[in-house]
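Read off the chains here:
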Amino acid sequence: AAAAANNGAIPPDLSFITLARHGGEDYIYHLLNGYCDPPAGIELRDGQHFNPYYPGGAIGMGPPIYNEIVEYEDGTPATQSQVAKDVCTFLTWAASPEHDLRKRFMIKCVMIYSVLLAGSYYMKRHKWSLLKSRKLVYTPKA
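Residues numbered from 1 in each chain as written. Predicted model: local features only at pLDDT ≥ 70, side-chain atom pairs only at ≥ 80, totals over all residues. Heavy atoms only, no water.

**A word on the overall build of the chain**
Line of reasoning, step 1. Check the secondary structure of the chain and you find five helices and two strands.
Line of reasoning, step 2. Walking the chain from its N terminus toward its C terminus, one meets helices and strands in the order α-α-α-β-β-α-α.
Line of reasoning, step 3. Scaling as 2.2 N^0.38, a compact globule of 142 residues should have a C-alpha radius of gyration of about 14 Å, whereas the chain reaches 30 Å, well beyond that.
Line of reasoning, step 4. Its C-alpha atoms give the chain principal-axis dimensions of about 105 × 40 × 30 Å. (Helix = DSSP H or I, 4+ residues; strand = E, 2+ residues; numbered from the N terminus. Rg over C-alpha atoms; globule rule 2.2 N^0.38 Å.)

Laid out in structure tokens, this is it:
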């Protein structure tokens, strides 16, 4: 059913699309909002649409997002750009849902390493201070 609704093409798995494409979230946002009429001299086959952000410009998927397609509970206007932004944010989260945990773990690691670095620097200064501050005098035998 999905292939029939998409002009015979099987819809791709979009769970990693934001990580797989160059530009990531911005590419998806512009792809969803970039549908327009083809410029003069470009011929499209039946069932194709023009999108300058898609490689080659001709894409088989029609514009998936329109104004007022959803209704937000908080009263946010459901413009095409707002819906596309929400879709891109969701796809980014779906690609790596553990992102927030990794970021929190990274902050903890940086804090622990900074304490360890400060401690090791203090110990180095403490241990080497005797060797660096002593004066060696050479007195030749007469």
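**Structural notes on the environment of Leu101**
Line of reasoning, step 1. Following the sequence through the fold, Leu101 ends up in helix H5 (residues 99–133).
Line of reasoning, step 2. Judged by its relative accessible area of 54%, Leu101 is exposed.
Line of reasoning, step 3. Spatially, the C-alpha atom of Leu101 lies 61 Å from that of Tyr138, the residues being 37 residues apart in sequence. (Buried < 20%, exposed > 50% of the residue type's maximum accessible area, 1.4 Å probe, protein only.)

**Quick notes on the packing of helix H3 (residues 25–33) against helix H4 (residues 80–95)**
Line of reasoning, step 1. Packing of H3 against H4 brings their axes to within 9 Å, and their N-to-C directions diverge by 145°. Both H3 and H4 take part in a crossing whose hand is right-handed. Contact residues: Glu25, Ile28, Tyr29, Leu32 and Asn33 in H3; Gln80, Ser81, Ala84, Lys85, Val87, Cys88, Thr89, Leu91 and Thr92 in H4. (Axes fitted to C-alpha atoms, helices over the stretch in contact; angles between N-to-C directions. Left-handed = near helix turned anticlockwise from the far one by under 90°. Contact = heavy atoms within 4.5 Å.)

**Things to note about the confidence of the model for the chain**
Line of reasoning, step 1. With 100% of its residues at a pLDDT of at least 70, the chain reaches an overall mean of 91.
Line of reasoning, step 2. The least confident element of the chain is helix H1 (residues 2–5), whose mean pLDDT is 81; the most confident is strand S1 (residues 49–50), at 96. (pLDDT = per-residue confidence, 0-100.)

**Structural notes on unusual backbone geometry**
Outside of glycine, negative phi angles account for most residues, and trans bonds account for most peptide bonds.
Line of reasoning, step 1. With phi around 60°, Glu68 is a residue other than glycine that occupies positive phi space.
Line of reasoning, step 2. In this fold, Glu68 is placed in the loop between strand S2 (58–59) and H4.

**Quick look at the nonpolar core**
Line of reasoning, step 1. Ile28, Leu32 and Ile65 are the most contacted members of the largest nonpolar core, which totals 13 residues.
Line of reasoning, step 2. Listing elements by their share of this core, those giving two or more residues are H3 and H4.
Line of reasoning, step 3. Contact partners of Ile65, with chain neighbours within four places excluded, come to Leu32, Gln80, Val83, Ala84 and Val87. (Core = buried A, V, L, I, M, F, W, Y, C linked by side-chain atoms within 4.5 Å.)

**Considering H4**
Line of reasoning, step 1. Between its first and last C-alpha, H4 extends 22 Å over 16 residues, near the 22 Å set by a 1.5 Å rise per residue.
Line of reasoning, step 2. On its buried side, H4 packs onto helix H2 (17–20) and H3. (Expected span 1.5 Å × (residues − 1).)

**Overview of H3**
Line of reasoning, step 1. Those residues of H3 that fall on the buried side of the exposure criterion are Tyr27, Ile28, Leu31 and Leu32. Looking straight down H3, one finds that the buried residues subtend no more than 125° of arc, so they occupy a single side.
Line of reasoning, step 2. The inward-facing, buried residues of H3 contact H2, S2 and H4. (Arc of directions from axis to C-beta.)

**Considering the pattern of salt bridges**
Line of reasoning, step 1. Tallied over the full model, the rule gives one salt bridge.
Line of reasoning, step 2. A salt bridge links Glu98 to Arg102; the shortest N-O distance between them is 3.8 Å.
Line of reasoning, step 3. The exposure class of Glu98 is partly exposed, given its relative accessible area of 36%. (Salt bridge = Lys/Arg side-chain N within 4 Å of Asp/Glu carboxyl O.)

**Quick notes on a nonpolar patch on the surface**
Line of reasoning, step 1. Where nonpolar side chains cluster on the molecular surface, the patch consists of Tyr66, Ile69 and Val70 and spans about 280 Å² of accessible area.
Line of reasoning, step 2. One can find Ile69 in the loop between S2 and H4.
Line of reasoning, step 3. What makes Ile69 partly exposed here is its relative accessible area of 43%. (Patch = residues over 30% accessible without salt bridge, like charges linked within 9 Å, V, L, I, M, F, W, Y side chains within 5 Å. Areas by Shrake-Rupley, 256 points an atom, 1.4 Å probe, with all protein chains shown as cover.)

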